[in-house]
Amino acid sequence: MAVMAAAAAVPGMNFVNNPRGNYAPADLPLISVSSQNCNSLNISTECRKQLTKIVAITSLLTDFIFLSDIRLNTSQDHIQRISKQFLYEGKRSYKLYTNSDNHQRGVGILMAADLTGDLENFFRDRDQNILGATYNDGNGKIRLTAIYGPNEDKKEFYDSLDTYLCMDPTLPIIIGGDWNCTYSCEPTDFNIDIFRMRSPPSLTR
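Residues numbered from 1 in each chain as written. Predicted model: local features only at pLDDT ≥ 70, side-chain atom pairs only at ≥ 80, totals over all residues. Heavy atoms only, no water.

Some points on the overall build of the protein chain
And then number 1: Counting its regular elements, the protein chain contains three helices and nine strands.
And then number 2: The secondary structure elements of the protein chain, listed N-terminal to C-terminal, are β-β-α-β-α-β-β-β-β-β-α-β.
And then number 3: Sorting the 205 residues of the protein chain into buried and exposed places 43% on the buried side.
And then number 4: Considering only residue pairs separated by 6 or more positions, the protein chain has 62% of its internal contacts joining residues 24 or more positions apart.
And then number 5: By element, 49% of the accessible surface of the protein chain is carried by carbon and sulfur atoms, the whole surface being about 11,400 Å². (Helix = DSSP H or I, 4+ residues; strand = E, 2+ residues; numbered from the N terminus. Buried < 20%, exposed > 50% of the residue type's maximum accessible area, 1.4 Å probe, protein only. Contact = heavy atoms within 4.5 Å. Areas by Shrake-Rupley, 256 points an atom, 1.4 Å probe, with all protein chains shown as cover.)

With respect to the packing of aromatic side chains
And then number 1: What the rule picks out here adds up to five aromatic pairs.
And then number 2: With centroids separated by 4.9 Å and ring planes inclined at 25°, the aromatic side chains of Phe123 and Tyr164 adopt a geometry described as stacked. Here the residue Phe123 occupies a position in strand E6 (residues 118-124), and Tyr164 occupies one in helix H3 (residues 155-165), the gap between them amounting to 41 residues. Per residue, the accessibility class of Phe123 equals that of Tyr164, and both read buried.
And then number 3: Ring geometry for Phe157 against Tyr158: centres 4.8 Å apart, planes inclined by 75°, an arrangement best described as edge-to-face.
And then number 4: Residue class for Tyr158 comes out partly exposed when judged on its relative accessible area of 30%.
And then number 5: Three or more aromatic residues joined by ring pairs make a cluster, and in this case those are Phe157, Tyr158 and Trp179.
And then number 6: Above the ring of Tyr164, the side-chain terminus of Arg143 is found at 4.7 Å from the ring centroid. (Phe/Tyr/Trp six-rings, centres within 6.5 Å; stacked < 30°, edge-to-face > 60°. Lys NZ or Arg CZ within 6 Å of the ring centre and 35° of its normal.)

Quick look at the nonpolar core
And then number 1: Formed by 32 residues in total, the largest nonpolar core has its most connected members in Leu41, Phe64, Leu67 and Phe86.
And then number 2: Those elements that place two or more of their residues in this core are helix H1 (48-58), strand E3 (64-68), helix H2 (76-88), strand E4 (94-99), strand E5 (107-112), strand E7 (130-136) and strand E8 (141-148).
And then number 3: In this view, Leu41 contacts Gln50, Lys53, Ile57, Leu67, Ile70, Leu72, His78, Ile82 and Phe86; residues no more than four positions away in its chain are not counted.
And then number 4: Listed in part, the 10 residues of the second largest apolar core include Leu161, Tyr164, Ile173 and Trp179. (Core = buried A, V, L, I, M, F, W, Y, C linked by side-chain atoms within 4.5 Å.)

As for the environment of Gly176
And then number 1: Relative to the helices and strands, Gly176 is located in strand E9 (residues 173-178).
And then number 2: Residue class for Gly176 comes out buried when judged on its relative accessible area of 0%.
And then number 3: For Gly176 and Thr145, which are 31 residues apart along the polypeptide, the C-alpha to C-alpha distance reads 6.4 Å.

Some points on the side chain of Arg143
And then number 1: Within the fold, Arg143 resides in strand E8.
And then number 2: Separated by 3.2 Å, the side chain of Arg143 and the backbone oxygen of Asp168 make a polar contact.
And then number 3: Residues within four places of Arg143 in sequence aside, it is in contact with Ala133, Thr134, Tyr164, Leu165, Met167, Asp168, Pro169, Leu171, Pro172, Ile173 and Ile174. (Polar contact = N/O pair within 3.5 Å; in protein donor to acceptor, adjacent residues only side chain to side chain.)

Looking at unusual backbone geometry
And then number 1: Positive phi values are uncommon outside glycine, yet Leu61 reaches one of about 65°.
And then number 2: Residue placement: Leu61 occurs in the loop between H1 and E3.
And then number 3: By relative accessible area, which is 46% here, Leu61 ends up partly exposed.
And then number 4: One non-glycine residue, Gln128, lies in the positive phi region at around 60°.
And then number 5: Positionally, Gln128 belongs in the loop between E6 and E7.

All we've got here are geometric facts, nothing functional implied.
Written out as structure tokens, the structure is:
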């Protein structure tokens, strides 16, 4: 189940005269974020299917794109070629950052090449379900976190996510990706998150 990013403001911040409204710190970077399940970027040779997929992903045109299920079980040379394709072949140029060297799972973050600032303080979990980083545009910081939730009830994923969340709780954070779960446990007739499913994927998750 793909879930768009959700943001949390820093508790106790003063929002008076904030041009962005009363919902976020005044120095919060102005960015747009989207999320995409790739169903693998691991294609051993360059081909039309790979380029079509990259163009489709970059056509989202947001400043950051969270990628899940990228499965980069391939050589460093091929990963570099994929990175160059995201820079030169898409609707907008992106830098690629990943937590993936396996034939399953794997997450990534695309950062638009025309953005000022950098990603720093990376966090990568062992199971390659989480890639976190702090975006610093020189005026403010925000943490960005791409996730790919396990399709089993694995407590370790949520423990790893909780560990990362606690590392710097003073910064706002956006988390997005394919959670492989749904927020609502309502029956399918009333649950827009599980359209065309027979039941929620996991009541536990």
